[in-house]
Amino acid sequence: MSTGLSDRLAHLTSRTCDYRGTMQTFSVIGACVYDGTGAEGQIRDVHVHNGTIVDSLPISGAALIDGRGLALSPGFIDVHTHDDISILTTPQMPFKTLQGVTTVIVGNCGSSIAPDGAKLMGPIGCSRLSEYFQRVSDNPPSTNVAALVGHGSIRAQVMGIASNREASDDELREMARLTEEAMQDGAIGISTGLAYEPGRYSPTEEIVHLARIVAEYGGIYTTHMRDEADHLVESVMESIFIGESANIRVQISHLKAIGERNFGSTTQAISAIRAAQSRGVDVMADQYPYTRGSTLLDQLASGGRLRALHPDGIHALESLLVSSAPQHSDWEGCTLRDIANSLQLSDKETVEHVLSECGRSLLVVIDQMSEQDVCDVMKEDFVMIGSDGVPAGSRPHPRLHHTFPRILGEYVRNQGVLTLPQAIHKMTGMASTRFGLKNRGFIASGMAADLVLFDPLTVIDTGTYVDPTSVPHGLHSVWVNGICVAQDGHSTGERPGQALVSQ
Ligand code: ZN
Ligand code: CU
């Protein structure tokens, strides 16, 4: 750093000079820069001009931001979200920007906002993805957004949600047409939710057929697999088979092993993935850093899977915490055991009662994984980070607000599972490369100025299952396309996010 700069920095009254607003030309001075490639940090200055990272500024007198003692990294990319609707209804997206997320990928687990004939996502749907991207451009969010098309949404549009049968030739043709339309509209790939309705009724061949179309457009196949419990390894094998048959990149969503009797089976899942990679199948995965998951109770209980809720099954009622029950907000924060006790019902009656009251909209948080499995998966060099947060209800799983600071604080600093450069790579460059996001995920000249300035010594998640919506600690500033969207735990209100439409 030149003496000139040091002199000017000395005049700053605090670290947080006010660099809000539309200011797009500035330099971050003296931070330890992690460029997103996995390389060690380097103390240097980073310059931003008109929303882009540049080698040097073409003008003088730009604002200086004191980064000394802090880390500067590319903005975090949340590769697995359910923010499709929030992007439109809560465009400031504070639960994302306050944890350093600058880009979200929507349309996961088979459900996308378009096509929306079956209203899988509720009342705010779009007939096609181009309409969604238009709405995002008309009313921009604070984060960038890229979209997958959901196979479940496509199947529901063509066959309805509950058709437990193979598609006819005509139906398959129509699904193929909708898949192609979504890819032409700018989807980055297709997602499946093979544990959910209607995805679970789809034979593997149907997915292969549609995945081939996506592959022609260079898209990715992401999957919430059929079974992450007793049949984890078979499900991984199905994903690999689809990748091999359709010649498509495969991303296994939220890789994990559910249920105590399956703890440790991530080892076989990882071996299967490694074996496929070594014969040339392009398969990778993502995960969220928690031992509890969250899903629709309906999904756990339907299709003859009620046994999973029995005391000797995978989930006991005391391990199921209601996170969102729009018709019964008084239940949010209670376990199903609490509800059973207060209503004096048996386990089976309780599940039936809450499902008849809330149906598909009841979300629960479930204690279901082992810490060892979480760490074993995290260490793999093909695993990146996706929150899988669902923005609904008063007690969302804390992953919605805290996934990324938790990786940096808990798994880098406290447990040492990852090094800081590794963790940042998983959250930035690895993710942008995997999902084909151009000009994102790295600090280098010409890249979009999506940046996070944080304190590696204090960054940490603060959310608990009881109080999940608190603000993470240690994040100093977050920029999207060169504009500051969050500073010291507050949203600035700026909304510079863009729809990342795949060409
Ligand atoms: Zn999922
Ligand atoms: Cu998901």
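Values in this document were obtained by computation on a predicted structure and should not be read as measured data.

Thresholds applied
Residues numbered from 1 in each chain as written. Chains lettered and ligands numbered in written order. Predicted model: local features only at pLDDT ≥ 70, side-chain atom pairs only at ≥ 80, totals over all residues. Heavy atoms only, no water. Donors = N, O, S within 2.8 Å, 3.2 Å for Na, K, Ca; no water. Helix = DSSP H or I, 4+ residues; strand = E, 2+ residues; numbered from the N terminus. Buried < 20%, exposed > 50% of the residue type's maximum accessible area, 1.4 Å probe, protein only. Tetrahedral: all angles 85-135°; square planar, octahedral: opposite > 155°, others 65-115°. Phe/Tyr/Trp six-rings, centres within 6.5 Å; stacked < 30°, edge-to-face > 60°. Pairing = 2+ DSSP bridges. Axes fitted to C-alpha atoms, helices over the stretch in contact; angles between N-to-C directions. Parallel < 35°, antiparallel > 145°, perpendicular 65-115°, else oblique. Contact = heavy atoms within 4.5 Å. Nonpolar A, V, L, I, M, F, W, Y, C, P; charged D, E, K, R; others polar. 1 Å grid on protein atoms, 1.4 Å probe; cavity = no way out; pocket = protein on both sides within 12 Å on 5 of 7 lines; lining within 4 Å. Points joined across faces, edges and corners; volume = space filled by probe spheres on them.

Caption draft 1: Representation of the coordination of the zinc ion (ligand 1). The zinc ion (ligand 1) binds to the protein through Cys109 (SG), His224 (ND1) and His254 (NE2), with metal-donor distances spanning 2.1 Å. All donor residues of the zinc ion (ligand 1) come from one chain, and their arrangement in sequence is C-x114-H-x29-H. In this model, the zinc ion (ligand 1) sits 2.9 Å from the copper ion (ligand 2), the two metals being bridged by Cys109. A residue pair is termed long-range when its members are at least 10 positions apart, and His224 in strand β11 (residues 220–224) and His254 in the loop between β12 (249–252) and α9 (266–278) qualify at 30 residues. Taking the relative accessible area as the measure of exposure, His224 reaches 7% and is therefore buried.

Caption draft 2: Representation of the coordination of the copper ion (ligand 2) within the structure. At this site the copper ion (ligand 2) is bound by His80 (NE2), His82 (NE2), Cys109 (SG) and Asp388 (OD), with donor distances of 2.0 to 2.3 Å. One can describe the site at the copper ion (ligand 2) as irregular: its four donor atoms subtend angles covering 87 to 159° at the metal. Of note, the copper ion (ligand 2) draws all its donor residues from one chain, in the sequence arrangement H-x1-H-x26-C-x278-D.

Caption draft 3: Structural view of the packing of aromatic side chains. This structure, assessed with the given rule, holds five aromatic pairs. Measuring from ring centre to ring centre gives 6.5 Å for Tyr290 and Tyr465, while their planes differ by 70°; the resulting arrangement is edge-to-face. Note that Tyr290 is positioned in the loop between β13 (283–287) and β14 (292–296) and Tyr465 in the loop between β18 (451–454) and β19 (475–480), a separation of 175 residues in sequence. Residue Tyr290 shares its accessibility class with Tyr465, and that shared class is buried.

Caption draft 4: Main features of the sheet that holds strand β9 (residues 149–150). In spatial order, the strands read β9-β10-β11-β12-β13-β17; together these six strands make up an open sheet with parallel pairing. This sheet does not close on itself; its edge strands, each paired only once, are β9 and β17 (383–385). Across four bridges, the pairing between β11 and β12 is parallel. Paired with Tyr221 across the strands is Val250, a residue of β12.

Caption draft 5: Highlighting the packing of helix α11 (residues 336–343) against helix α12 (residues 347–358). In the contact formed by α11 and α12, the axes pass within 10 Å of each other and the chain directions differ by 100°. As summarised for this structure, α11 and α12 are arranged roughly perpendicular, according to the angle between their axes. Between α11, through Leu336, Arg337, Ile339, Ala340 and Leu343, and α12, the contact on the second element is made entirely by Asp347, Thr350, Val351, His353 and Val354. Considered class by class, the residues forming the contact of α11 with α12 number six nonpolar, two polar and two charged.

Caption draft 6: Broad picture of the environment of Gln268. Relative to the helices and strands, Gln268 resides in helix α9. Residue Gln268 is classed as partly exposed on the basis of its relative accessible area, which comes to 45%. When the C-alpha atoms of Gln268 and Val233 are compared, they prove to be 6.7 Å apart, with 35 residues separating the residues in sequence.

Caption draft 7: Focus on the pairing of strand β20 (residues 483–487). Across the five residues that make up β20, a large majority, five, are buried. Judged from the four bridges that link them, β19 and β20 form a sheet pairing that is antiparallel. The residue of β20 that forms the bridge with Val478 is Ala486. Here β19 folds back onto β20 in antiparallel fashion, the turn holding two residues, of which Asn481 has a positive phi close to 50°. Sheet analysis places β20 next to strand β21 (residues 490–491), joined by two bridges and oriented antiparallel. Directly across from Gln487, in β21, lies its bridge partner His490. Once β20 ends, the chain turns through two residues before running back antiparallel as β21, passing Asp488 with a positive phi of about 45°.

Caption draft 8: How the structure looks around the sheet that holds strand β6 (residues 76–78). As summarised here, the arrangement of the three strands in space is β6-β7-β8, forming an open sheet in which the pairing is parallel. Of all strands in the sheet, those with a lone pairing partner are β6 and β8 (144–147), marking the two edges. For this sheet the average axis-to-axis angle between neighbouring strands, irrespective of direction, equals 20°. Pairing analysis gives four bridges linking strand β7 (residues 101–106) to β8, with the strands arranged parallel. Paired with Val106 across the bridge in β8 is Ala147.

Caption draft 9: Expanded view of the layout of surface pockets. For the second largest pocket, the calculated volume is near 200 Å³. Within the lining of the second largest pocket, the residues separate by chemical class into four nonpolar, three polar and two charged.

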